[in-house]
Amino acid sequence: MDAPGREHDGEARERAGGVTAEHAADGVSDVAMVGLGVMGRNLVLNLSDHGLAVSVHDRDRRAVRDFLGGEASGRAVRGFDDLASLALSLGRPRRVMLMVPAGAPVDAVLDDLVPHLEPGDVVIDGGNSHYADTARRARELRERGLLFVGAGVSGGAEGARVGPAIMPGGDPAAWPLVAGMLQDIAARVDGQPCCDWVGEGGAGHYVKMVHNGIEYADMQLIAEAYHYMRVVVGLTVRESAGVFAEWAGSRLDSYLVEITADVLARVDDDGLPLVDKVRDVAGQKGTGRWAAADALERGVPLDLTAAAVFARALSALKDERVAAAQTLRGPGRSGVSFDRLGQLRDLEDALYAAKVVAYAQGFALLRRASDDLGWGVPLSTVPLLWRGGCVIRSRILGDVAAAYAEDPELPDLMTAPRFARELAGCQAGWRRTLTRAIAAGVPMPATSAALAHYDGYRSERLPANLIEAQRDYFGAHGYERVDAPRGERFRTDWTGRGGT
Ligand code: 6PG
């Protein structure tokens, strides 16, 4: 199954922390890839572009054959039918990357692979694994002297091919052995690789999970803005495409806004907008749900991601919605807007402000998890990893990094002077947008959750005193008084009649 090798770029391989040129002459590979789905294949081509010799394996032998005879032909890529020979083909310490579906398939590959590895070898899981699995695997492999890295990889198929964002974490001893290689294949912004060590255990996959939580929120916010443009402002699809194209050059500059403009501009064979022919049922593979569930467990507000997950769930109830549309009454048709420009300006404020809140919540969750689990995730580095290659890459990330660099103890991103100023500037338009949306019966769950969070976070007093009193009333939980020291609890017979 060997494909013909090609001349190696020794210098690139040395930089990548790889094996020496003499190994290359022996036919020793620098790294292995297990799993030749589109992400795995593209990462192999990317590694190969950087002068590394790659051994590959997939449990589907045809996938290996097709790859070697197709995209990988003429490259220093060799295929192996089994993991034992794959391991034998590698220079020491071995570096094996897995790009297989998250969950049981990763454990299955590890079970088969580990017996063929030796102490000091490195295994990198580049899939979308759950961070708790990654932490467990890092522990288990460490007991056998192996170094495990859980690396979040973002950017889809294209990112994998030309430069993804990579968020590696796990056993710190592995980092020097893989840093060069991973940073070489990652995206670059201002000469800096979008790849750096983010912390121990499951930190890499946790950072990727938070990335996806923000991705869910951002996508939902954009979809809500689009819905508002169509129904409240009364724009055509083509006009909406124009607005997003304009926004792509503003402070909203981001990959997701850019692709939204492209999607909306695309017409079907009949000349009508293709987006209107896409069924309004959103799928989800699970990382957004993981982020929301983890936030619930930790007691950190992540309302926008949760709203996005639930919005996808609601979209999936298509048949019920179709039936309910006949039964449940809305506010009726509202008039067309006479101030389109004003409404769009307000909407831009709403989208930008809500996006800031989505980032603030994502980073607050990341900080809490890092503190809870002792990972030491560098909050000012993470946004820099997301500036290129990944799905949420956007202009705002430079400002997020600057805010944490300026004040590493920043309690919440919203309170950074720059963002506090911007949120204040956006709030009038943000509130007007939501008021009009509510009046028109257009749901904007993430945009409104963002405003509720902003208003809640800036409230010195919240009605939680009433919740505490209710809990004490029916559950005798006790409560703290504002005029007594923290921790001292009081009980009251709220009716004065005693009893339960
Ligand atoms: C990325 C994406 C990717 C994600 C898909 C699908 O960063 O490249 O986050 O990892 O898995 O976009 O996600 P959903 O099916 O959950 O929308």
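Look above for the structure.
Calculation criteria
Residues numbered from 1 in each chain as written. Predicted model: local features only at pLDDT ≥ 70, side-chain atom pairs only at ≥ 80, totals over all residues. Heavy atoms only, no water. Phe/Tyr/Trp six-rings, centres within 6.5 Å; stacked < 30°, edge-to-face > 60°. Helix = DSSP H or I, 4+ residues; strand = E, 2+ residues; numbered from the N terminus. Buried < 20%, exposed > 50% of the residue type's maximum accessible area, 1.4 Å probe, protein only. Lys NZ or Arg CZ within 6 Å of the ring centre and 35° of its normal. Contact = heavy atoms within 4.5 Å. Disulfide = S-S within 2.5 Å.

Colleague: I tried to follow the packing of aromatic side chains on my own but got confused; where do I start?
Modeller: For any two aromatic rings, the description comes down to two numbers: the centre-to-centre distance and the angle of the planes. Applying the stated criterion across every chain yields a total of ten aromatic pairs. Measuring from centroid to centroid gives 4.7 Å for Tyr-131 and Tyr-206, while their planes differ by 80°, and the two rings are edge-to-face. One end of the pair, Tyr-131, is in helix α7 (residues 131-143); the other, Tyr-206, is in helix α10 (residues 203-233), with 75 residues separating them in the sequence. Residue class for Tyr-206 comes out buried when judged on its relative accessible area of 0%. The structure contains a cluster of three or more aromatic residues connected by ring pairs, namely Tyr-131, Tyr-206 and Trp-375. The residue whose ring lies beneath Arg-251 is Tyr-352, and the NZ or CZ to ring-centre distance is 4.3 Å. If you follow Arg-312 out to its NZ or CZ, it ends over the ring of Tyr-216, 3.6 Å from the centre.

Colleague: Even after reading the chapter, I still don't get the side chain of Ser-240, so can you show me in this structure?
Modeller: Within the secondary structure layout, Ser-240 lies in helix α11 (residues 237-247). Look at Ser-240 and you get buried, because its relative accessible area is 0%. Beyond its immediate sequence surroundings of up to four residues, Ser-240 is in contact with Tyr-226, Met-229, Arg-230, Leu-235 and Leu-264.

Colleague: I would appreciate a short explanation of the state of the cysteines in the present structure.
Modeller: According to the stated counting rule, one finds zero disulfides in the structure shown. As a non-bridged cysteine, Cys-194 has Cys-390 as the owner of its nearest cysteine sulfur, 7.3 Å distant. Not part of a disulfide, Cys-195 finds its nearest cysteine sulfur in Cys-194, a span of 8.9 Å. Residue class for Cys-195 comes out buried when judged on its relative accessible area of 1%.

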